[in-house]
Amino acid sequence: MTRLVGDVLLLNRDRAQSLERAPVDFSRLCGEEAWRMQLAEPTASLQVQIATNLMVEGDAQRLQQVVRNLLENALNYSPRGGAVEVSLKKQNGRARLSVRDFGIGISTEELPKIFDRFYRGVEASRVHREGAGLGLSIVKYVVEGLGGDISVESRPNGATFVVELPMSQRSGKRLRDLLPVP
Ligand SMILES: Nc1ncnc2c1ncn2[C@@H]1O[C@H](COP(=O)(O)OP(=O)(O)OP(=O)(O)O)[C@@H](O)[C@H]1O
Ligand SMILES: [Mg+2]
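Comments concerning helix α4 (residues 60-76)
One turn of an α-helix holds 3.6 residues; hence residues three or four places apart share an orientation. Given a rise of 1.5 Å per residue, 17 residues ought to cover 24 Å, and the 24 Å separating the end C-alpha atoms of α4 matches this to within 8%. When α4 is considered as a whole, its buried residues turn out to be Arg-62, Leu-63, Gln-65, Val-66, Val-67, Asn-69, Leu-70, Leu-71, Asn-73, Ala-74 and Leu-75.

Okay, here's the thing in structure tokens:
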């Protein structure tokens, strides 16, 4: 309930003001969230391939929610013990996170609706009763608010969600700048 209220409040806030902007170690964040999920669901089979030191410009707390919601969906809409592949790499100057599962997938009729607030798929509600239909609305709100993109691809045997985020321009420190002024 607390989470539901928090999600609704966030979605109704002015996006430009509600998201912080700071360099975030997205590699570390994704790795930590995958670990957290694996520990919470020991029967799940999370496979990760995460490039290190990918810094994005964003809001660490909200990005954590993004990754968590995608992983949760991948697990909730897959058979118990199903594999989930998490990959993070740099592509075309952006950080590209992909979460791929081998679960129920999403029908072509439902695909355009899944990012709508409170929308829940028919089969999804059957296999996983709890849920408010807000997880992906939050994902879209945060990712697009940070200048990124979210896309989805559904196959007969599962779904893949891809998040692309602008890299932080402030990530690396020039050593020269750290030297005491001569
Ligand atoms: N990985 C996935 N595989 C199959 N269907 C999915 C997947 N992710 C999302 N969906 C579909 O999109 C709908 C909306 O997802 P969303 O995360 O917004 O809500 P939810 O998971 O139903 O509930 P909540 O996230 O609020 O607990 C789901 O109900 C389901 O129909
Ligand atoms: Mg969800």
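Things to note about the pattern of salt bridges
Summed over the entire model, instances satisfying the criterion amount to nine salt bridges. In this structure, Glu-144 engages Lys-140 in a salt bridge whose closest nitrogen and oxygen atoms are separated by 3.0 Å. Of this pair, Glu-144 and Lys-140 both sit in helix α6 (residues 135-145), four residues apart, which is roughly one turn of that helix. For Glu-144, a relative accessible area of 30% puts it in the partly exposed group.

Topic: helix α3 (residues 26-40)
End to end, α3 covers 21 Å across 15 residues, agreeing with the expected 21 Å (1.5 Å per residue, within 8%). By the burial criterion, the buried members of α3 are Phe-26, Ser-27, Leu-29, Cys-30, Gly-31, Glu-33, Ala-34, Met-37 and Gln-38.

Some points on the side chain of Ser-98
Its place among the elements puts Ser-98 in strand β5 (residues 94-101). Excluding residues within four positions of it along the chain, Ser-98 makes contact with Glu-85, Val-86, Ser-87, Thr-160, Phe-161 and Val-162.

Digging into the site of ligand 1
Around ligand 1 lies a shell of 20 residues, among which Asn-73, Tyr-77, Asp-101, Arg-120 and Leu-136 are the nearest. Residue Asn-73 places a side-chain N or O atom 2.9 Å away from an oxygen atom belonging to ligand 1. Within the backbone of Leu-136, an N or O atom sits 2.8 Å from an oxygen atom of ligand 1. In isolation ligand 1 exposes 590 Å². Once the protein is present, 95% of that is buried. Among the secondary structure elements, those contributing two or more residues to the shell around ligand 1 are α4, α6 and β7 (158-166). Considered class by class, the residues forming the shell around ligand 1 number 12 nonpolar, six polar and two charged.

A closer look at the environment of Leu-165
Mapped onto the fold, Leu-165 is located in strand β7. Judged by its relative accessible area of 1%, Leu-165 falls in the buried class. Distance in space between the C-alpha atoms of Leu-165 and Glu-109 is 28 Å, their sequence separation being 56 residues. What Leu-165 contacts, discounting residues up to four positions off in sequence, is Phe-26, Val-56, Leu-63, Arg-94, Ala-95, Val-143, Leu-146 and Gly-148.

Re the pairing of β7
The two faces of a sheet get side chains in turn, since along a regular strand they alternate between them. The element β7 is extensively covered by neighbouring structure, given that eight of its nine residues are classed as buried. Both β5 and β7 contribute to a ladder of seven bridges, which runs antiparallel. Paired with Ala-95 across the two strands is Leu-165, which belongs to β7. As paired strands, strand β6 (residues 149-155) and β7 are joined by seven bridges and run antiparallel to one another. Paired with Glu-153 across the strands is Thr-160, a residue of β7. Adjacent in sequence and paired antiparallel, β6 and β7 are bridged by two residues.

What to know about the packing of helix α1 (residues 2-11) against α4
Contact geometry of α1 with α4 gives a least axis separation of 14 Å together with a crossing angle of 120 degrees. Considering their axes alone, α1 and α4 lie oblique with respect to each other. Crossing angle aside, the handedness with which α1 passes α4 is left-handed. For the pair α1 and α4, the contacting residues are Arg-3, Asp-7 and Leu-10 in the first and Arg-62, Gln-65, Asn-69 and Glu-72 in the second. Of the residues belonging to the contact of α1 with α4, the class tally is one nonpolar, two polar and four charged.

The rules behind the values
Residues numbered from 1 in each chain as written. Chains lettered and ligands numbered in written order. Predicted model: local features only at pLDDT ≥ 70, side-chain atom pairs only at ≥ 80, totals over all residues. Heavy atoms only, no water. Helix = DSSP H or I, 4+ residues; strand = E, 2+ residues; numbered from the N terminus. Expected span 1.5 Å × (residues − 1). Buried < 20%, exposed > 50% of the residue type's maximum accessible area, 1.4 Å probe, protein only. Salt bridge = Lys/Arg side-chain N within 4 Å of Asp/Glu carboxyl O. Contact = heavy atoms within 4.5 Å. Near = heavy atom within 4 Å. Polar contact = N/O pair within 3.5 Å; in protein donor to acceptor, adjacent residues only side chain to side chain. Areas by Shrake-Rupley, 256 points an atom, 1.4 Å probe, with all protein chains shown as cover. Nonpolar A, V, L, I, M, F, W, Y, C, P; charged D, E, K, R; others polar. Pairing = 2+ DSSP bridges. Axes fitted to C-alpha atoms, helices over the stretch in contact; angles between N-to-C directions. Parallel < 35°, antiparallel > 145°, perpendicular 65-115°, else oblique. Left-handed = near helix turned anticlockwise from the far one by under 90°.

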